[in-house]
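Fold and contact review
Take a look at the letters that make up each chain.
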Amino acid sequence: MTVAQHELRAAFAAHMSRMYGQEVPAYTTLVEVSEGVNRDHLAQLGEAAERLGSIERVTAERHGAIRVGTPQELGHVARVFAAFGMHPVGFYDLRDSASAVPVVSTAFRPIDRQELARNPFRVFTSMLVAEDPRFFDADLRRELADFLGARRLFDDELLALADRAAAEGGLPEPEATELVDRATAVFELSDEPIDEQWYRRLEEISSVAADIGGVPTTHINHLTPRVLDIEELYRRMEERGIEMIDEIQGPPSWEGPDVLLRQTSFRALDEVRAFRKPDGSIGEGTLRVRFGEVEQRGIALTQQGRDLYDRMLGEVDERLAAEGGQRAEHARRVWAQHLPTTEQGLAEQELAYFTYELAEGVTELPADHRAHELVASGHLVATPVVYEDFLPRSAAGIFQSNLTTAGSKDEEQAGTAYDLARLSEICGVEIHDPYALYAAEQQASLDAIARTTGVTVR
Ligand code: OOG
Ligand code: NI
């Protein structure tokens, strides 16, 4: 019997969760509190609580984050994740963010609605741009290339199993278990001693560079459960004495529908690690490389909706700088001013994505109407499309919460150019454009309606 890709993915997510819970006990607390919040939210709201995903999906839902050092390593990551039906989506350049992290990133995730519903495990994956002269001088660039070139994160057995699972759409036992075990083991924190001098040298430039290029292995640095009410989660965690970062990142809490992604985290934890001193002796030290994060997902915005979101972010920044006070307060006011407060309003202005189906009992449609009009007239029912991706500014904030030093970047130099196309080449497969995926989903639902009714809905 073959273990299907979505079962492999669910097993991989569960194994990673168990491993991370053993390594970082606060994660287990976070998961418990999240489950409590979700249970209570469901009890309070009933069916409405599941508008953006079934409780089964949301309860199992996690995203992780990993960081690798070279194009070759990213290519290997893409092969391993392909085994689990996880494909690269979106391009993020964190080098230009306020915190100037020397990485470019994508996210590996399922892309079909059905696959997402079965298990939506996703991993935000960053690659060090070790050749970027704004961060690393010529000596360091060479030493980094040597150090990273000498390590091997994914062995040939794992890659062969992964290629087979991707080609065959699954694996029989015992290979299925072996694949999941081997893939999970790659992301465990290693107790191999860290070369102290080398690590600290990189850390002066960027903690993220040290976390990636200063150690001989890689590790998962957080695993994020999904909650239905992030404000309540935040309250409950603080009640338990776990100090969260100051703010919930992303959209504010406001009277309209949840859109995009709201996230918050608690700080990196000090963990004891073995260091090799310059004299060759091994001593203990601490590092902060892992932390906890939680998220609430909302409706996917169209490019137009996203542009509006980015403009509103800018306006909130300006008001905050000019008037002081609380960001959340300014944000609520700016949002109330610019964004419709209903799903129907978002659809009307083409700010968000929905899928449509015929309302119960409807078999015919009037011609020449737009979908939202047919929702208003009771012919169609709209379901919001969930945002499955990440936000660069929140991602930069997450990296930031993990930085011990400010780092340095030489703005005089030209950076190494990266875009979606170049990163696709490195991955060995095309990175999907998230907007194209959401738009295709909306369009597929309209096409299905046209097929049954013979009426084209715009
Ligand atoms: C990844 C940070 C990005 C998110 O949720 O935005 C991220 C990292 O720290 O490696 O996970
Ligand atoms: Ni995250």
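What you see is a predicted model; the values in this text were computed from it and never measured.

1. What about the overall build of the chain?
Each helix and strand in the chain was counted, giving 18 helices and twelve strands. What you see for the chain is a C-alpha radius of gyration of 23 Å, in line with the 23 Å of a compact globule of 458 residues. In terms of principal-axis extent, the alpha carbons of the chain reach across some 80 × 65 × 45 Å. Taken over 458 residues, the chain has a buried fraction of 53%. For the chain, contacts bridging at least 24 residues in sequence account for 73% of all contacts bridging at least 6. A total accessible area of about 19800 Å² is found for the chain, and carbon and sulfur atoms account for 48% of it. With 46 positive and 79 negative side-chain charges, the chain shows a spacing of 1 Å between the two charge centroids.

2. Re the layout of surface pockets
Of the volumes computed, that of the largest pocket is approximately 970 Å³. As for the largest pocket, its lining consists of 37 residues, and the residues nearest its centre are Glu247, Ile248, Gln249, Gly250 and Arg327. Elements with a minimum of two residues in the lining of the largest pocket: strand E9 (261-276), helix H12 (303-323), helix H13 (327-338) and helix H16 (392-400). Among the residues forming the lining of the largest pocket, the class breakdown is 16 nonpolar, ten polar and eleven charged. Counting contributing residues, the lining of the largest pocket receives three or more from each of domain 1 (2-297 + 388-427) and domain 2 (304-383 + 445-453). There is about 490 Å³ of room inside the second largest pocket. Lining the second largest pocket are 25 residues, and of these His41, Leu52, Leu228, Asp258 and Gln296 sit closest to its centre. Of all elements in the fold, only helix H2 (25-45) and strand E10 (282-297) reach the threshold of two or more residues within the lining of the second largest pocket.

3. Section: empty space enclosed by the protein
Following the criterion strictly, the structure yields three cavities of 30 Å³ or more and no others. When residues of the lining of the largest cavity are traced back to their parent elements, those giving at least two are strand E2 (62-68), strand E5 (122-128), E10 and H16. Of the residues forming the lining of the largest cavity, the biggest block, four residues, is contributed by E2. Across the lining of the largest cavity, the residue classes break down as nine nonpolar, five polar and two charged.

4. Here's the deal with the pattern of salt bridges
Tallied over the entire structure, the rule returns 46 salt bridges. We note a salt bridge from Arg122 to Glu61, for which the minimum N-O separation is 3.2 Å. Pair noted here: Arg122 is in strand E5 and Glu61 is in the loop between helix H3 (55-60) and E2, with a separation of 61 residues, a long-range link. Look at Arg122 and you get buried, because its relative accessible area is 0%. We note a salt bridge from Glu247 to Arg327, for which the minimum N-O separation is 3.9 Å. Of the two residues, Glu247 sits in the loop between helix H11 (230-239) and E9 while Arg327 sits in helix H13, which places them 80 residues apart along the sequence.

5. Points about the domain arrangement of the chain
Each assigned domain of the chain is listed with its residue range as follows: domain 1 (2-297 + 388-427) and domain 2 (304-383 + 445-453). Contacts between domain 1 and domain 2 engage 15 residues on the former and 18 residues on the latter. In terms of surface lost to domain 2, no three residues of domain 1 exceed Arg51, Trp254 and Arg393, which account for 41% of the buried area on that side. Where domain 1 touches domain 2, the interface holds three salt bridges. Of the charged contacts, one joins Asp317 and Arg393 as a salt bridge, the two residues approaching to 2.9 Å between their closest N and O atoms. The interface formed by domain 1 and domain 2 includes four residue pairs in polar contact (both at pLDDT 80 or more). Each residue belonging to the side of domain 1 that touches domain 2 can be placed in one class, and the counts come to eight nonpolar, three polar and four charged.

6. Side note on the sheet that holds E5
Spatially, five strands are ordered E3-E4-E5-E2-E8 in an open sheet, and the strand pairing comes out mixed. What marks the edges here is a single partner per strand, and that holds for strand E3 (87-93) and strand E8 (222-225). When the angles between neighbouring strand axes are averaged without regard to direction, this sheet yields 20°. Across six bridges, the pairing between strand E4 (residues 103-109) and E5 is antiparallel. Across the sheet, Val103 pairs through a bridge with Leu128, a residue of E5. Along the sheet, H16 makes contact with E2, E3, E4, E5 and E8, crossing E5 at roughly 70°.

Cut-offs applied
- Residues numbered from 1 in each chain as written.
- Chains lettered and ligands numbered in written order.
- Predicted model: local features only at pLDDT ≥ 70, side-chain atom pairs only at ≥ 80, totals over all residues.
- Heavy atoms only, no water.
- Helix = DSSP H or I, 4+ residues; strand = E, 2+ residues; numbered from the N terminus.
- Rg over C-alpha atoms; globule rule 2.2 N^0.38 Å.
- Buried < 20%, exposed > 50% of the residue type's maximum accessible area, 1.4 Å probe, protein only.
- Contact = heavy atoms within 4.5 Å.
- Areas by Shrake-Rupley, 256 points an atom, 1.4 Å probe, with all protein chains shown as cover.
- Lys, Arg positive; Asp, Glu negative; His and termini not counted.
- Charge placed at Lys NZ, Arg CZ, Asp CG, Glu CD.
- 1 Å grid on protein atoms, 1.4 Å probe; cavity = no way out; pocket = protein on both sides within 12 Å on 5 of 7 lines; lining within 4 Å.
- Points joined across faces, edges and corners; volume = space filled by probe spheres on them.
- Nonpolar A, V, L, I, M, F, W, Y, C, P; charged D, E, K, R; others polar.
- Domains from an automatic or database assignment.
- Salt bridge = Lys/Arg side-chain N within 4 Å of Asp/Glu carboxyl O.
- Buried area = accessible area lost by both parts, 1.4 Å probe.
- Polar contact = N/O pair within 3.5 Å; in protein donor to acceptor, adjacent residues only side chain to side chain.
- Pairing = 2+ DSSP bridges.
- Axes fitted to C-alpha atoms, helices over the stretch in contact; angles between N-to-C directions.

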